[in-house]
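Next come the chains, spelled out residue by residue.
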Amino acid sequence: MAITHALAMFNVAKTYALGLFTGENAARSVLPFIPRPLRVLLVLLLVLNARSLPFLWHLRVFRPLLYIRLKWLSLSLGSRHTKQAWLDSLSPIAVSPFALRSSYSTWASLDESDYNMHLSNSSYAKVLDMLRLKFALQHFATVFRDGCWIALGSTHLRFIREIPIGAKYEIRMYIGSWDEKWAYIIARYVSKKHSKSSSSSSRGRLQDTADALSSAAFIPSLHTPASPDTPFTSGVNTPNPQLIQSKEEFDALWAEAPGETLHALAINELVFKQGRRTVPPAVTLAAAGCGVDDKAWERAKMLRGESESAKVDADANGVSKDEGGAKVTERETMSALLAGGWRTVPTGERWWEDTLAPFEAERVRRLGVLRRIRDGMECAGGM
């Protein structure tokens, strides 16, 4: 019955829509004083610019969030174990921060192109909004539940090669590196090549950046201070790693595949926040699950009140213990840790430092490239 009713409504709507463009039914049109060719042109114009219609941008940006919300609602009647398993699947448990990747495939539509018949410069930033939220929800949904949010500090765009109107392209986003405050997220606008051009031209465009690496200064390894009086830094202490010193080493990190064309490069500087407090990226990455082992993840879940194996002692001090026997008071929650509690954690108990220690050398190597961009912009602001 419902299907029959829906088909009947569809037929009525179709008949009315056709009547808008039929000369015999012009009197039924909502715009009877406009000639039929102009009505057709108006509808065609709306169709070609459909992605710029009201609320379409919001729908494209918040589509990943809508999916997560609907998925959670679909699990509302499920068991607690099912819900927890799905929440864990949103976390990059034991995954390297440099392996976190997201992509967004689209095409250069008419409304996003300019009079030169290629993607408008402003559209690069517009489309990047679609992927930033997707990237955040795919890899940091866990810390969002802890009250964290992400602020965009700046975006540096470099245009390399035009994207012709109607061409398909893909934006790929991943973590470049991080320091005591900023996470540097790289986005690459890439398309498949349609010619037999060599990849050497793509690599040649990076020559200036690679040459600058030979004089790169050492980026100091980072620590999380034990008290608010200590300088604000985050990370782990490691021996001085070897920085990127050659173009070949640089290409191995950044260059595209031989069958692809790099059109533009964007570097986003993101900062993690808990309320108005800045959370070091090292703490946030570990709290999201990057690089953690089962023991560390179990402790993180206990801080969130989600651990099923936590042994709670109903004593007067309200102290509980995880499987490893580490004491965790009821006042120590993940939200409190992210809101500044990480400063007061003793050096030997900072599990996030141990978690990210294997990635410290790579972090420093990449940071030597990315921090130069920020330093250059800050120097330009003083001119």
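The structure this text deals with has already been given above.
Bear in mind that the values here come from a model prediction, so they are computed numbers and not experimental data. (Residues numbered from 1 in each chain as written. Predicted model: local features only at pLDDT ≥ 70, side-chain atom pairs only at ≥ 80, totals over all residues. Heavy atoms only, no water.)

Asks: Looking at this model, I keep getting lost on the packing of aromatic side chains. Mind explaining?
Replies: How two aromatic rings sit relative to each other is set out by the distance from centre to centre and by the angle between their planes. For the structure on display, the rule yields 8 aromatic pairs. Aromatic side chains Y124 and Y189 sit 5.1 Å apart centroid to centroid with 65 degrees between the ring planes, which places their arrangement in the edge-to-face category. Linking Y124 in helix α5 (residues 121-145) with Y189 in strand β4 (residues 183-192), this pair joins segments that are 65 residues apart in sequence. The pair Y124 / Y189 is uniform in exposure class, with both members buried. An angle of 35 degrees between the planes, with centres 6.5 Å apart, marks the rings of Y169 and Y189 as tilted. Of this pair, Y169 sits in strand β3 (residues 168-178) while Y189 is found in strand β4, placing the two residues 20 residues apart along the sequence. Of the two residues, Y169 and Y189, neither departs from the other in class, the shared state being buried. Through a chain of ring-to-ring contacts, three or more aromatic side chains come together here, namely Y124, F159, Y169 and Y189. (Phe/Tyr/Trp six-rings, centres within 6.5 Å; stacked < 30°, edge-to-face > 60°. Helix = DSSP H or I, 4+ residues; strand = E, 2+ residues; numbered from the N terminus. Buried < 20%, exposed > 50% of the residue type's maximum accessible area, 1.4 Å probe, protein only.)

Asks: Quick question: what am I supposed to make of the pattern of salt bridges here?
Replies: For the structure on display, the rule yields 17 salt bridges. A salt bridge links D88 to K301; the nearest nitrogen and oxygen atoms lie 3.5 Å apart. Of this pair, D88 sits in helix α4 (residues 80-89) while K301 sits in helix α10 (residues 294-303), and the two are 213 residues apart along the sequence. For D88, a relative accessible area of 18% gives the class buried. Shared partners join several salt bridges into a network, and the residues in it are R51, R60, E112 and K126. (Salt bridge = Lys/Arg side-chain N within 4 Å of Asp/Glu carboxyl O.)

Asks: Teacher, can you tell me more about the packing of helix α3 (residues 56-74) against α4 here?
Replies: Axis angle and axis distance: for two packed helices, these are the angle between their axes and the distance between the axes, and together they describe the pair. Relative to each other, α3 and α4 sit at 160 degrees, their axes nearing to 11 Å. Viewed along their axes, α3 and α4 adopt a mutual orientation that is roughly antiparallel. Judged by the sense of rotation from one axis to the other, the crossing of α3 with α4 is right-handed. In this structure, α3 uses I68, K71 and W72 to contact α4, whose residues at the interface are K83, W86 and L87. Of the residues in the contact of α3 with α4, the class split is 4 nonpolar, no polar and 2 charged. (Axes fitted to C-alpha atoms, helices over the stretch in contact; angles between N-to-C directions. Parallel < 35°, antiparallel > 145°, perpendicular 65-115°, else oblique. Left-handed = near helix turned anticlockwise from the far one by under 90°. Contact = heavy atoms within 4.5 Å. Nonpolar A, V, L, I, M, F, W, Y, C, P; charged D, E, K, R; others polar.)

Asks: Sorry, what's going on with the pairing of β3 here?
Replies: Each regular strand shows side chains that alternate between the opposite faces of the sheet. Here β3 lies mainly inside the structure; 8 of its 11 residues are buried. Pairing of strand β1 (residues 101-107) with β3, which is carried by 7 bridges, proceeds in the antiparallel orientation. Bridged to W107 within β3 is K168. Relative to β4, β3 runs antiparallel, the two sharing 8 bridges. Counted as the bridge partner of M173 is A187 from β4. Between β3 and β4, which pair antiparallel one after the other, the connecting turn spans 4 residues. (Pairing = 2+ DSSP bridges.)

Asks: Which parts of the structure should I look at to understand α4?
Replies: Side chains that are three or four residues apart share a direction in an α-helix, a result of its 3.6 residues per turn. Every buried residue of α4 is accounted for by Q84, W86, L87 and D88. The inward-facing, buried residues of α4 contact α3, α5 and α10.

Asks: Where do I start with the packing of α3 against α5 in this structure?
Replies: Two elements in contact, α3 and α5, have axes whose closest approach is 9 Å; the angle formed by their N-to-C orientations is 10 degrees. Taken together, the axes of α3 and α5 lie roughly parallel to each other. In this structure, α3 contributes W57, R60, V61, F62, P64, L65 and I68 to the contact, and α5 contributes K126, D129, M130, L133, K134 and L137. Counted by class, the contact of α3 with α5 contains 9 nonpolar, no polar and 4 charged residues.

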